[in-house]
Amino acid sequence: MPFSPKLPTNSSQRPLGLSKQHKIILGDVELVPDLSGALYVPDYETLIIADLHLEQGSSLARRGIHVPPYDTAITLKLLEGVVSAAHPKRLIFLGDSFHDSEGENRLDEADLYTLRNITKNFETLWIVGNHDPQPPQSLGGQGTETVVLGSLSLRHEPTSHLSGTLEIAGHLHPGCGLNQRGRRLYGKCFVGDGQRLIMPAFGAYTGGLAITSNAFSGLFSKSETHAWMIGQNAIHRFPFSRIQRRD
Amino acid sequence: MSSLPPVFESWFAARRWQPRPHQLQMLAHGLAGESALLISPTGGGKTLAGFLPTLVQLAEPHETSGIHTLYISPLKALAVDIARNLEAPIAEMKLPITVETRTGDTPHSRRQRQRIIPPDILITTPEQVSLLIADPTAAHLLRSLKSVIIDELHSVVSNKRGVLLSLALTRLKTHAPEARFTGLSATVADSDALKQWLSPSTKLVFGNAGAPPKIRILESATRVPWSGHRAVYAIPEIYAEIKKAKMSLIFVNTRSQAEMVFQELWTANEDNLPIALHHGSLDVAQRRKVEAAMAENKIKAVVCTSTLDLGIDWGDVDFVVHVGAPKGSSRLLQRIGRANHRLDESSNAMLVPSNRFEVLECEAARHAASEGAQDSEYPTVMKLDVLAQHILGCACAGPFHADQLYTEITSAFTYRKLTRALFDQALDYVATGGYALKAYERYAKLKRDASGKYRLAHPLLAQRYKMNMGTIIAAEMLKLRIAGVRTRLGKRVLTGGRVLGELEEYFLSQLRIGDTFLFSGEVLRFEGLDEFGALATRAPGRDPMVPSYNGGKFPLSTYLAERVRGILADKSKQQFLPPQVREWLNTQSWASVLPRADQMLVETFPRADKHYLVCYPFEGRLAQQSLGMLLTRRLERWGAKPMGFIASEYALVIWTLGDMSAMIASGKLSLAQLFDEDMLGDDLDAWLAESNLMKRTFRNCAIIAGLIERNYPGKQKTARQVTVNTDLIYDALRTHQPDHILLRAAWDDAADGLIDIHRLGAMLKRIKNQIVHKALERVSPLAVPVLLEIGRESIYGEAHDALLAEAADELIAEATRLV
């Protein structure tokens with residue numbers, strides 16, 4: 001069998017479309033998770049996207065770790081898809097939109113055009129994150145630390161104590177695994193307890209940190225916690241007790 | 001033939017030894033500066049034969065100006081033993097020769113000293129040789145190198161370690177053009193390839209073949225099980241045999257089998273015989289203890305895995321038991337050779353099949369081994385990820401010309417077919433990642449200077465290379481410790497105690513707190529994990545939850561498979577089989593059919609509410625698993641509604657909702673089309689796009705090729721994080737640059753590794769127009785073993801969502817059940 005490189009016939013991109021299967025309820029607000037990892041808030045016609053980590057490839061390459069440079073293009077294509085499917089009034093990026101503070105300057109022409117086009121057509125808010133403490137300078141949209149959407153507070157890093165408020169955050173890249181028929185299934189997920197929701201990272205090279213790891217401890221009331229795991233064609237909801245520890 | 005110098009003559013005489021003919025022949029080649037390959041069954045003074053020319057040459061007082069002889073052993077633990085064994089003759093003959101070892105464990109200070117004051121003889125490992133040549137001082141250190149000895153060459157050439165070593169040898173040849181190369185090997189199928197691997201002009205020397213081994217198959221009074229791998233039925237008989245022998249080695253194929261057999265033997269151990277356990281997951285100190293006890297003949301039997309396949313001989317082993325299928329004739333001969341190292345006496349061995357198909361395999365192996373037939377693998381060649389690692393290593397030693405490096409690399413047997421275009425692609429990959437976009441040129445690892453030479457862009461890269469080089473990518477292991485449990489304020493508090501060994505992280509991830517399992521011969525209760533690894537308490541008297549058998553690492557060899565098909569086809573070859581197995585085959589011949597050796601039998605039959613298709617390719621689990629993946633895709637397309645499949649080493653079963661017997665009868669389904677070679681086209685492509693096996697293979701290539709680093713100065717990147725990243729990188733490359741060199745490297749590995757497409761392709765060719773179909777009313781005798789495997793594990797595609805949905809459904813069922 002010789003090696004015969006071929007471009008895949010059907011694109012390996014995750015299919016788009018908002019999940020009809022599961023709604024996530026946070027306080028009194030209904031949220032719709034998407035297979036891409038984005039979250040739609042129908043009440044406010046707002047689409048939220050966490051942790052794009054654009055230019056992660058070139059960021060690693062600067063240290064001599066030559067991962068392929070295609071991540072930004074892949075991430076933006078997915079973003080374009082979910083934006084055109086949801087057609088929101090408003091777009092909110094939940095921080096860490098770039099992998100490092102110079103990422104914006106490394107964007108190539110095509111990617112730059114795509115991003116500017118999106119911010120031109122949709123009201124865009126860039127919440128800053130630890131990887132990108134400054135909002136982008138030349139891409140349009142508006143920078144901010146937090147956004148308040150009715151009863152919802154949106155920020156990059158989850159706060160340590162919630163006092164009766166509802167929060168949507170990113171930063172932690174939640175993922176989870178479970179064993180079924182002797183096989184280990186692992187994927188990115190949304191994780192929440194009705195008070196707080198942490199969104200999965202959207203970027204093409206971002207992974208998932210197990211929600212059983214210490215980084216998540218103290219953030220949720222255990223008995224109420226659920227994970228919405230992103231499969232290939234559907235989102236699957238599991239109680240925290242079904243998720244097995246792996247680390 | 002050279003005669004020995006007087007001092008050696010009298011040394012031999014004093015020990016009442018006679019130099020063996022092959023030792024003298026090796027001496028003659030060595031003194032003439034010729035490269036030589038010594039092929040000899042284990043024992044027979046092979047190590048001494050390798051060293052003899054060096055010892056004679058250095059017997060006169062001399063000034064050490066650099067390493068004279070480099071001795072390379074694949075086993076780190078062996079280096080120290082070899083050095084000790086060598087020091088005895090040197091001391092006894094008062095030879096002015098210095099010997100030192102250098103392994104991963106050698107302290108930095110001693111390595112520094114070895115650089116300044118080199119020993120005459122350096123005993124080391126393949127990785128250390130690669131590190132040596134990646135150092136700027138290599139040329140100086142190796143300038144007076146005269147001899148390179150590679151031990152266990154048959155084992156070295158069979159994997160990527162050997163490929164990397166072969167490249168390091170081309171460097172040694174450049175630094176020391178006069179050096180001769182000596183290989184020490186067990187008997188192999190293709191000695192010519194092994195010769196070429198060492199050096200084109202290598203002379204071949206054969207040791208005494210010794211007496212042929214005496215091999216028998218356990219004729220159990222009890223019934224041989226239909227399926228499974230536990231061989232529990234045979235424990236009393238094994239126990240009785242080891243009681244009679246002086247010291248026995250009991251080989252098994254996997255760690256979990258070793259644990260199980262060890263446990264069962266101790267249950268039967270009324271006489272309290274000293275029976276020990278030896279496998280790769282046990283703590284090193286514990287393994288050394290067992291070896292020492294063997295050397296002192298304090299042990300009666302050792303249950304072991306491939307960890308005792310190689311290495312020096314510990315104690316007077318006079319009996320070898322092989323539990324489970326031997327998988328290959330060469331492997332079996334090698335293991336049997338561990339017993340009785342006096343060449344003129346036969347080794348004694350007993351094979352214990354753990355199920356009925358294994359009886360056939362054992363019979364085939366017994367015949368092949370008695371004839372001395374070899375089926376060892378051809379040396380591994382041309383690994384692109386290893387090539388990339390070597391190119392970076394060369395850059396660490398100093399600037400190089402691409403033309404010169406290409407010439408040097410293609411002088412290796414392993415890369416003789418490397419085209420310049422592919423070499424340039426590898427070089428480009430090392431320099432900038434080799435992407436279609438030129439975006440990474442400013443971050444290049446290698447830069448061209450004014451003279452056109454490639455040089456390292458930053459000295460830190462050399463440090464990182466040294467931390468990450470090597471070709472062994474182990475599954476991530478976690479330390480397992482005994483836990484102390486106390487109750488404080490009503491809460492259980494665990495404290496970590498003594499380290500028992502290491503376990504695959506994958507295995508641990510399957511355990512829930514309270515699960516029991518066998519490890520190191522004890523039943524342990526899993527207590528959880530802490531930041532240092534896994535914790536467990538002893539749970540004597542509890543039943544272990546026996547870990548699922550994952551099959552051995554080694555698939556049934558093509559050669560043995562052919563012989564097994566031969567036994568099935570030929571009644572006269574069945575006369576050596578135990579009566580119950582003969583009866584089983586007899587029943588098959590009237591209930592269905594026993595296929596001819598060149599045919600493949602396909603049976604279809606209904607059972608309960610499903611329909612089954614069983615075929616018997618005898619091509620090993622990996623190739624048959626790939627076949628299962630591809631056939632279910634096709635059956636789905638043709639409307640048979642496949643529900644799942646299981647592959648064993650011998651057979652494949654697929655179950656469907658559609659009635660395949662009826663579909664075949666009506667012409668809706670054609671077996672010739674179903675098994676057509678064209679499945680290796682688009683169907684294979686579509687499967688590979690989502691295959692986890694490909695991603696795992698890609699990850700290993702990415703690590704070896706240095707795309708992802710395991711270690712980074714100042715911080716540890718865990719293997720888990722690497723896995724996540726490489727999966728995503730794999731997806732990105734497949735979509736955007738399907739001809740990238742690392743995808744090619746991964747494909748090459750998978751094709752004869754985890755998905756074994758080469759073997760599948762050869763099989764599909766073999767059975768073209770040779771399919772015998774039987775539509776049956778019920779399951780056939782031959783199909784029973786593989787059907788019994790159903791339920792232990794069943795796979796349908798790699799469908800993530802299907803399994804997740806199932807997991808969710810189970811919860812719903814549980815929740816809605818009436819109390």
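Residues numbered from 1 in each chain as written. Chains lettered and ligands numbered in written order. Predicted model: local features only at pLDDT ≥ 70, side-chain atom pairs only at ≥ 80, totals over all residues.

Student: Account for the overall build of chain A, with residues named and values stated.
Tutor: In terms of helices and strands, chain A carries 4 helices and 16 strands. Per-residue burial over chain A gives 48% buried out of 247 residues. The long-range fraction of contacts in chain A, counting pairs at least 24 apart against all pairs at least 6 apart in sequence, stands at 65%. (Helix = DSSP H or I, 4+ residues; strand = E, 2+ residues; numbered from the N terminus. Buried ≥ 20, exposed ≤ 12 C-beta atoms within 10 Å, placed from the backbone. Contact = placed C-beta atoms within 7 Å.)

Student: So what's going on with the nonpolar core? Which residues, and what values?
Tutor: Ranked by internal contacts, the top residues of the largest apolar core, which has 263 residues, are A:Ile48, B:Ile250 and B:Val653. If one sorts the elements of this core by residue count, helix α16 (residues 384-397) of chain B sits on top with 9 residues. Sequence-distant contacts of A:Ile48, defined by excluding residues within four places in its chain, comprise A:Ala38, A:Leu39, A:Val41, A:Ile92, A:Leu94, A:Leu154, A:Ile168 and A:Met199. In this structure, B:Leu480, B:Leu503, B:Phe517 and B:Phe526 belong to the second largest nonpolar core, which totals 11 residues. (Core = buried A, V, L, I, M, F, W, Y, C linked by C-beta atoms within 7 Å.)

Student: Describe helix α23 (residues 621-637) of chain B, naming the residues involved and giving the relevant values.
Tutor: Each turn of an α-helix holds 3.6 residues, which means side chains three or four residues apart point in the same direction. Residues and elements named next belong to chain B. If you check α23, its first and last C-alpha atoms are 24 Å apart, about what 17 residues at 1.5 Å a residue would give, namely 24 Å. Buried residues dominate α23, accounting for 13 of its 17 residues. Looking one or two residues beyond α23, the residue adopting positive phi is glycine 639, at roughly 85°. (Expected span 1.5 Å × (residues − 1).)

Student: Can you explain the pairing of strand β11 (residues 301-304) of chain B? Please cite residues and give values.
Tutor: All names here are of chain B. Because side chains alternate across β11, one face comprises the buried residues Ala301 and Val303, and the other comprises Val302 and Cys304, equally buried. Two elements, strand β9 (residues 248-251) and β11, share 4 bridges in a ladder whose sense is parallel. Among the inter-strand pairings, serine 248 is bridged to a residue of β11, identified as alanine 301. Since strand β10 (residues 275-278) and β11 lie parallel, the crossover through helix α13 (residues 284-295) that links them has a hand, and here it is right-handed. (Pairing = 2+ DSSP bridges. Right-handed = clockwise from strand over helix to strand, strands pointing away.)

Student: Go over the packing of helix α15 (residues 356-370) of chain B against helix α21 (residues 558-569) of chain B, please, and point to the residues and values.
Tutor: Residues and elements named next belong to chain B. Between α15 and α21, the shortest axis-to-axis distance is 9 Å and the interhelical angle comes to 110°. Taken together, the axes of α15 and α21 lie roughly perpendicular to each other. Handedness of the α15/α21 crossing: right-handed. Taking contact as the criterion, the partners of Leu360, Glu361, Glu363, Ala364, Ala365, His367 and Ala368 in α15 are, on α21, Leu560, Arg563, Val564 and Ile567. Looking at the contact of α15 with α21 residue by residue, the class counts come to 7 nonpolar, 1 polar and 3 charged. (Axes fitted to C-alpha atoms, helices over the stretch in contact; angles between N-to-C directions. Parallel < 35°, antiparallel > 145°, perpendicular 65-115°, else oblique. Left-handed = near helix turned anticlockwise from the far one by under 90°. Nonpolar A, V, L, I, M, F, W, Y, C, P; charged D, E, K, R; others polar.)

Student: How would you summarise the packing of α16(B) against helix α18 (residues 420-432) of chain B if you had to cite specific residues and measurements?
Tutor: Working note: a packed helix pair is described by the angle between its axes plus the distance between those axes. Residues and elements named next belong to chain B. In contact at an axis separation of 9 Å, α16 and α18 are set at 60° when each is read in the N-to-C sense. One finds that α16 runs oblique with respect to α18. Viewed along their axes, α16 and α18 form a crossing whose handedness is right-handed. Contacts between α16 and α18 involve Leu384, Leu387, Ala388, Ile391 and Leu392 on the former and, on the latter, Ala426, Leu427, Tyr429 and Val430. Taken together, the residues that form the contact of α16 with α18 break down as 9 nonpolar, no polar and no charged.

Student: Can you lay out the sheet that holds strand β24 (residues 652-656) of chain B for me, pointing to particular residues and giving the numbers?
Tutor: All names here are of chain B. Strand order across the open sheet formed by 5 strands is β23-β24-β22-β21-β27, with mixed pairing between neighbours. Where the open sheet ends on each side, the last strands, each with one partner, are β23 (642-647) and β27 (771-775). On average, adjacent strands in this sheet sit at an angle of 15° to one another, irrespective of strand direction. Of the pairings in the sheet, the one linking strand β21 (residues 600-607) to β27 comprises 5 bridges and is parallel in character. Bridging from a neighbouring strand, methionine 600 pairs with isoleucine 771 of β27. Contacting β23 and β24, α23 crosses the sheet at an angle of about 170° to β23.

Student: Requested: an account of the environment of B:Leu585, with residues and values cited.
Tutor: Residues and elements named next belong to chain B. Structurally, the position occupied by leucine 585 is in helix α22 (residues 579-591). Along the backbone, leucine 585 and glycine 66 are 519 residues apart, and their C-alpha atoms lie at a distance of 65 Å. Apart from the residues lying within four places of it in its own chain, the contact partners of leucine 585 are Gln574 and Leu594.

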